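# Coordinate inspection notes
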Amino acid sequence: GAVSQSGHRVALPGLAMASVSRMDARVVLVDADLRRPKSHELIGAKTSPGLSEAITGQNDLADIIQATSVVGLDFVGSGAQAPLPAALLGSKQMHEIIEGLAKTYDFLIFDSPPVMPVTDAEWKAIDAAGDAEALPRAGTRATAPDRPPG
C-alpha cells in the first residue's frame, strides 16, 4: 500500500513502464486501492469501468482493461467506489480476475491500499508482502518472499 509521503504512487507506474521497456514484457498495472485511487491520474487513464465493477459482475474482465500510451503496458482502474472494499479484494471473484490477468500478462503490478490505516490491505487474493507485487505469468514458478514470523 501507499503512504502518501513515500513516493510509491509515482514509483509504481514507473516500475510498470520500466518492466515493459527493459524486458519486452506484457505488463498490467492494477489500481487496487478502492478507497483513494491515484494511479489513473499518474498514468492518464480512467478509474471506471474498473476493478470494482469486474468483481461485482457489472463488467467483464476484457471491458476494464485500458491500453496506455506505452506499448505493452495496460491499466485496470479501481472502478467506482463500493461498500466493503476489503471484502471485494478478498473475494473469489478477485482471485478469478487475477488468474485471468495472469493468462495474458507477464507481470501484474498492484497499487494496493495503505497497510496500516485500512483493512483492505489484508486482502488475501494476492497475499502481497509489500507495496507492489509482481506475479509471474501462469505456468511459471515463483517463490514467496521471506516474511518475518507472525
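Residues numbered from 1 in each chain as written. Predicted model: local features only at pLDDT ≥ 70, side-chain atom pairs only at ≥ 80, totals over all residues. Heavy atoms only, no water.

### A closer look at the pairing of strand S1 (residues 27-31)
Burial within S1 is extensive, with five of its five residues counted as buried. Of the two faces of S1, the one lined by Val27, Leu29 and Asp31 and the one lined by Val28 and Val30 are each fully buried. One ladder, built from four bridges, connects S1 with strand S3 (residues 73-76); its direction is parallel. For valine 30, the partnering residue across the bridge sits in S3 and is valine 76. Where S1 lies against strand S4 (residues 107-111), five bridges are found, and the strand directions are parallel. Each bridged residue has a counterpart across the sheet, and for valine 27 the counterpart in S4 is phenylalanine 107. (Buried < 20%, exposed > 50% of the residue type's maximum accessible area, 1.4 Å probe, protein only. Helix = DSSP H or I, 4+ residues; strand = E, 2+ residues; numbered from the N terminus. Pairing = 2+ DSSP bridges.)

### Brief notes about unusual backbone geometry
Cis geometry is found at the peptide bond from serine 48 to proline 49, where omega equals -5 degrees. In this structure, proline 49 sits in the loop between helix H2 (39-43) and helix H3 (51-55). Positive phi, close to 55 degrees, is recorded for leucine 84, a residue that is not glycine. Tracing the backbone through its elements, the reader meets leucine 84 in the loop between S3 and helix H5 (85-89).

### Points about the pattern of salt bridges
One pass over the full model with this rule turns up two salt bridges. The salt bridge involving arginine 26 is made with aspartate 74; its shortest N-O contact spans 3.0 Å. One end of the pair, arginine 26, is in the loop between helix H1 (8-23) and S1; the other, aspartate 74, is in strand S3, with 48 residues separating them in the sequence. Using a relative accessible area of 35% as the deciding quantity, one classes arginine 26 as partly exposed. We note a salt bridge from glutamate 96 to lysine 92, for which the minimum N-O separation is 3.7 Å. With glutamate 96 and lysine 92 both in helix H6 (residues 92-104) and four residues apart, the pair spans about one turn of that helix. Judged by its relative accessible area of 62%, lysine 92 falls in the exposed class. (Salt bridge = Lys/Arg side-chain N within 4 Å of Asp/Glu carboxyl O.)

### Quick look at the nonpolar core
Counting residues in each nonpolar core, the largest one holds 19 residues, and the members touching the most others are Val28, Val30, Leu51, Met94, Leu101, Leu108 and Phe110. Those elements that place two or more of their residues in this core are S1, H3, H5, H6 and S4. Examining the composition of this core, we find that five residues originate from one element, H6, more than from any other. Setting aside residues up to four positions removed in sequence, leucine 101 forms contacts with Val28, Val30, Leu61, Ile65 and Leu108. Ala25, Leu73, Phe75 and Ile109 belong to the second-largest nonpolar core, a separate cluster that totals eight residues. (Core = buried A, V, L, I, M, F, W, Y, C linked by side-chain atoms within 4.5 Å. Contact = heavy atoms within 4.5 Å.)

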